[in-house]
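Here is how the chains run, residue by residue.
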Amino acid sequence: MYHHPSHYALPGERVILLTGFDPFGGDAHNPSWLIAQALDGQRIGGHRVVSAQLPTVFGRSLHDLSVLVQAHHPAMVVCLGQAGGRPGLSMERVGINIDDARIPDNTGAQPVDTPVAPGGPAAYFASLPVKAMLRGVQRANVPCEVSQTAGTFVCNHVLYGLMHLLATRPGGPQGVRGGFVHVPWLPSQGTPHLPLRDMVRGVHAALWAAVLAREDIALGAGATH
Ligand code: PCA
């Protein structure tokens, strides 16, 4: 399932490409896609949010993401994914070059200890200002932390693959910033959870903070939980 974006930027607007995933692992919903849909078309400080769905599938998710980046020329790419068991939003700091699936993806593939990009570097840091985004979300009174691992399933695959794509395409990242935000379960999925409206507010605040902070802020690790 691949949803084409329903909004496009007007001339002169910079694009924030915001992605969410389809449901996986037997769940009926994936809050990451519901949040992306809710924010589709929003204007954020001279930027237009263009939302699209990625499949929870190794390989194809990255293929779709690279097509979207080529089509929309975003100034910023923020991918969202569900992380059941986490209590709040998490700003992912790093993607690692490994696929190691605990459950099958939505095509039944379950890679074990294979690289996302053979020969690629071990890891990439997200280039979003994670601490500024953390503070923005906290100020909106939505639980949030900086996370040091996006796991080893499709979300990490997409974060690593996004940063690899930006780093290796002709001309380099070209100022395009990218990263990943994990979100908790909805109340219908389990505990801990957050209401959808709080997650939407939190991601909205994170996008504002990312647009406003050209450089990340210094915020001690003690403030990140
Ligand atoms: N979460 C999974 C993949 C898709 C999603 O929403 C993950 O954390 O890897």
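Scroll up to find the structure.
Quick caveat, the model's predicted, so the values are computed rather than measured.

Quick look at unusual backbone geometry now. With an omega of 0°, the peptide bond running from Thr 191 to Pro 192 counts as cis. Structurally, Pro 192 is set in the loop between β9 (177-183) and α5 (196-212). Positive phi outside glycine occurs at His 73, with the angle close to 45°. Among the structural elements, His 73 can be located in the loop between α2 (60-72) and β4 (76-82). Phi is positive for Asp 113, close to 50°, though the residue is something other than glycine. Checked against the element boundaries, Asp 113 lands in the loop between β6 (94-96) and β7 (123-125). Classification of Asp 113 as exposed rests on a relative accessible area of 51%.

Orientation of helix α3 (residues 130-139) relative to α5, taken along the N-to-C sense of each, is 135°, at an axis distance of 8 Å. Put simply, α3 runs oblique to α5. Handedness of the crossing formed by α3 with α5: right-handed. Contacts between α3 and α5 involve Ala 132, Met 133, Gly 136 and Val 137 on the former and, on the latter, Gly 202, Ala 205, Ala 206, Ala 209 and Ala 210. Taken together, the residues that form the contact of α3 with α5 break down as seven nonpolar, two polar and no charged.

A few words now on the site of the ligand. The ligand sits among Phe 21, Phe 24, Asn 30, Thr 56, Gly 81, Gln 82, Phe 153, Val 154, Cys 155 and His 182. Between a nitrogen atom of the ligand and a main-chain N or O atom of Gln 82, the distance comes to 2.8 Å. Of all the secondary-structure elements, those providing two or more residues to the shell around the ligand are β4 and α4 (154-168). Its residues assigned to classes, the shell around the ligand shows five nonpolar, five polar and no charged.

Definitions and limits used
Residues numbered from 1 in each chain as written. Predicted model: local features only at pLDDT ≥ 70, side-chain atom pairs only at ≥ 80, totals over all residues. Heavy atoms only, no water. Helix = DSSP H or I, 4+ residues; strand = E, 2+ residues; numbered from the N terminus. Buried < 20%, exposed > 50% of the residue type's maximum accessible area, 1.4 Å probe, protein only. Axes fitted to C-alpha atoms, helices over the stretch in contact; angles between N-to-C directions. Parallel < 35°, antiparallel > 145°, perpendicular 65-115°, else oblique. Left-handed = near helix turned anticlockwise from the far one by under 90°. Contact = heavy atoms within 4.5 Å. Nonpolar A, V, L, I, M, F, W, Y, C, P; charged D, E, K, R; others polar. Near = heavy atom within 4 Å. Polar contact = N/O pair within 3.5 Å; in protein donor to acceptor, adjacent residues only side chain to side chain.

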